[in-house]
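Residue-level structure breakdown
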Amino acid sequence: MSLRRILHGIILQLRHCCWCHQAEAMETITFSPPLYKQRYQLVVELVEKLQARKVADLGCARCTLLSRLKFCSCIEVLIGVDTDLELLKENMYRVSPLPGDYLQPRPSPLSVRLYQGSVAVKDPRMLDCDFVSCIELIEHLDAAELARFSEVLFGYMNPAVVVITTPNADFNILFPGVTQFRHCDHRFEWSRSEFQAWCLDIGRTNAYSMEFTGVGVGPAGTETLGFCTQVAIFRRDPSRAKIKMKNSELPYKLVYEAVYPSLQNRKILHDAILNEVIFAAECVRRSFIDIDTGGQSEWRTCRADGEECARAAFSPEVSGPSFGGSPEVAGCPELSWSPEVTKIGAQLHIPVSTFFNNPRIRQLSDSLQQLQEVLQASNRVKLSHCGSSVLYPAGDEN
């Protein structure tokens, strides 16, 4: 076992002891939802409200917040930064694409990157962020790091919006087990007045306005102590031009990168269209089988190119194909029957225009012509000679 892994194991044990101590010290008050979930929810709601496209979480640790932010459809670039390389490697699975991300691709692109690096060091890949979160981070920095951090974040990165959370020392009186700080790794814990003074100084220096709020409401009668976690939301003055001070050095180490499947990719878009078409065709097939076996269908036979042909006609009280309207197909409410759906031999002939009536397929295809082009270019579906209908097996064996 390498010395690095041994030291990392010792650090994890020490952290575990700190977490146990913190839990014991704060067990007199419970928060619902848990305090960390309230902090994360505040960030997620702000990101969605602002429709931020490039988002960074500084001090991302176990990537828990990142694992929630990746579901925000507005985000196109998601970045996590932490000094602990092993911690990033152990938790990068949290931001990896899941099977469902391939089955239902995002409408917009998303790339996720995890960097090992210090928040007190400038890296040009952190520029142009719309939103940066620093959740329970600053209290882990010493005085020199804290000064460099504020200069790097607000003076260099200069994001549009920044959210910083930190413990409210005024609230600690409610935790009998807390003698100095809530966590053994905290370098300080500020009162509300101390935190707000620090924030206001940053705002004046870097042209940011701010809003103070918090999460974690105390018991009744303790309102004067404020929230358990205090929060500052910084907004860059829109009249101030973005600062451009790119440097050529890239001090951060890229630990992990993932590119999520999205409909912006032509192949992925076409696969999504084909999946929807095949699913809709299967819904049509099942409805034919269900109603035919129920004995409520009538089959009009004719000769078409020497084969027996059947067209579905159903009584009005049966939910299914009908010549008098376009009721929904069982199992696929987005797809309505068309009077042109026919069964010829062992195959259903389903007009391409019927599929285009499906809102999901219409959204993906943009036009009937594009849908036809996708179907013609694929070997996953079979088309009629004229290309106007999809041929799909009609039997139970499919």
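**Description of the pattern of salt bridges**
According to the stated counting rule, one finds 14 salt bridges in the structure shown. Arginine 53 is the salt-bridge partner of glutamate 76, the closest N and O atoms lying 3.0 Å from each other. Of this pair, glutamate 76 sits in the loop between α3 (64-69) and β2 (77-82) while arginine 53 sits in the loop between α2 (35-50) and β1 (54-58); the two residues are 23 residues apart in sequence, bridging distant segments of the chain. Judged by its relative accessible area of 23%, glutamate 76 is partly exposed. With a relative accessible area of 48%, arginine 53 lands in the partly exposed category. One connected set of salt bridges, linked through shared partners, spans Lys267, Asp271 and Arg380.

**Topic: the packing of aromatic side chains**
Taken as a whole, this structure holds 12 aromatic pairs when the rule is applied. Seen from their ring centres, tyrosine 115 and tyrosine 252 are 6.1 Å apart, and the 45° between their planes marks the pair as tilted. Placement of tyrosine 115 in strand β3 (residues 110-116) and of tyrosine 252 in the loop between β7 (229-236) and β8 (253-260) is noted, with a sequence separation of 137 residues between them. Look at phenylalanine 171 and phenylalanine 175: their rings are 5.6 Å apart centre to centre, the planes differ by 55°, and that puts the pair in the tilted class. Of the two residues examined, phenylalanine 171 and phenylalanine 175, each falls in the buried class. Linked through ring pairs, Phe188, Trp190, Phe195, Trp198 and Phe212 together constitute an aromatic cluster.

**Side note on the environment of lysine 122**
The topology assignment puts lysine 122 in the loop between β3 and β4 (131-135). For the pair formed by lysine 122 and leucine 153, sequence separation is 31 residues and the distance between their alpha carbons is 8.5 Å. Residues within four places of lysine 122 in sequence aside, it is in contact with Glu151, Val152, Tyr156, Asn247 and Pro251.

Calculation criteria
Residues numbered from 1 in each chain as written. Predicted model: local features only at pLDDT ≥ 70, side-chain atom pairs only at ≥ 80, totals over all residues. Heavy atoms only, no water. Salt bridge = Lys/Arg side-chain N within 4 Å of Asp/Glu carboxyl O. Helix = DSSP H or I, 4+ residues; strand = E, 2+ residues; numbered from the N terminus. Buried < 20%, exposed > 50% of the residue type's maximum accessible area, 1.4 Å probe, protein only. Phe/Tyr/Trp six-rings, centres within 6.5 Å; stacked < 30°, edge-to-face > 60°. Contact = heavy atoms within 4.5 Å.

None of the figures reported here should be taken as evidence of function without further support.
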